[in-house]
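A structural walkthrough
As a plain string of letters, each chain reads:
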Amino acid sequence: MTLDVGRALKNPGQVYPFQASVTLPEMEVLSDPVRFEDIRAEGEFFCTGDHRVSLRAQVGATAHSRCCRCLEPVQVPVEARVDAIFAKEPDPDDPDLYTFEGNAVELEEPVKDALLLELPLQFFCKPDCKGLCPVCGVNLNQETCSCQEGNVVTGPFSALKDYVLNNEEV
Ligand SMILES: [Zn+2]
Ligand SMILES: [Zn+2]
């Protein structure tokens, strides 16, 4: 989403409200796929006089990822705050600065940065998710298995585990 800030550049100090919907490509966060949908931004911007644009916005979105235990799809609502400064030239002293060209301020980068900050470190489909059986791989929320009964570990992966352990000893 591109904001036309031409009016603001001509009228420093004048505050302009805006509403926008933003789309972001799917990304990987801590090796999990994350997709933000229904991203809405609402806020205001103004030119600070030195040809920088100050922009503040409230951002809401739905984050889609997968449960860290059972790998089933999970979606969580995310609310974030954008407080960004845009300048024509990057400033080596200010790595948080965003750049813009002409009258066009692009919202994607600051919106993405703000949303990522608010993401949970791990997604859960439910707080007491039982996860996957480490031996046979069934989803223990939906099925039961007898792999862990009596702590006797059997199953297709146990032979592989022995193989790996033996090789580590060499
Ligand atoms: Zn789960
Ligand atoms: Zn099992």
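Up top is the structure.
Structure report, in brief.

1. A closer look at the environment of Arg52
For Arg52, the position within the fold is in the loop between strand E4 (32-47) and strand E5 (53-66). Considering only alpha carbons, one finds Arg52 and Ile85, 33 residues apart in sequence, at a separation of 6.7 Å. With residues up to four places along the chain from it excluded, the contact list for Arg52 reads Phe46, Cys47, Ile85, Phe86, Ala87, Asp91 and Leu97.

2. A word on the pattern of salt bridges
The full count for this structure, using the stated rule, is 4 salt bridges. Between Glu37 and Arg35 there is a salt bridge, with the nearest N and O atoms lying 2.9 Å from each other. Judged by its relative accessible area of 31%, Arg35 falls in the partly exposed class. With its nearest N and O atoms 3.4 Å apart, the salt bridge here joins Arg56 to Asp83.

3. As for the pairing of E4
For strand E2 (residues 16-22) and E4, the ladder comprises 7 bridges, and the chain directions are antiparallel. Bridging across to E4, Phe18 finds its partner in Gly43. As defined by bridge partners, strand E3 (residues 27-29) adjoins E4 across 3 bridges and the pair is classed as antiparallel. Directly across from Glu28, in E4, lies its bridge partner Pro33. Between E3 and the antiparallel strand that follows it, E4, lie 2 residues; Leu30 among them carries a positive phi value of about 50 degrees. Bridge count for E4 against E5 is 11 bridges, and the pairing is antiparallel. Pairing of Gly43 across the sheet is with Ala57, part of E5. Counting the residues between successive antiparallel strands, the hairpin from E4 to E5 contains 5 residues, one of them, Gly49, with a positive phi of roughly 105 degrees.

4. Brief notes about the coordination of the zinc ion (ligand 1)
Looking at the zinc ion (ligand 1), one finds its protein donor set to be Cys67 (SG), Cys70 (SG), Cys125 (SG) and Cys129 (SG), positioned 2.2 to 2.3 Å from the metal centre. Coordination at the zinc ion (ligand 1) comes from 4 donor atoms whose angles at the metal span 105 to 116 degrees, giving a geometry best classed as tetrahedral. Here the donor residues of the zinc ion (ligand 1) are spaced in sequence according to C-x2-C-x54-C-x3-C. Linking Cys67 in the loop between E5 and strand E6 (73-87) with Cys129 in the loop between helix H2 (108-118) and helix H3 (156-169), this pair joins segments that are 62 residues apart in sequence. For the pair shown, Cys67 and Cys129 are each scored as buried.

Definitions and limits used
- Residues numbered from 1 in each chain as written.
- Chains lettered and ligands numbered in written order.
- Predicted model: local features only at pLDDT ≥ 70, side-chain atom pairs only at ≥ 80, totals over all residues.
- Heavy atoms only, no water.
- Helix = DSSP H or I, 4+ residues; strand = E, 2+ residues; numbered from the N terminus.
- Contact = heavy atoms within 4.5 Å.
- Salt bridge = Lys/Arg side-chain N within 4 Å of Asp/Glu carboxyl O.
- Buried < 20%, exposed > 50% of the residue type's maximum accessible area, 1.4 Å probe, protein only.
- Pairing = 2+ DSSP bridges.
- Donors = N, O, S within 2.8 Å, 3.2 Å for Na, K, Ca; no water.
- Tetrahedral: all angles 85-135°; square planar, octahedral: opposite > 155°, others 65-115°.

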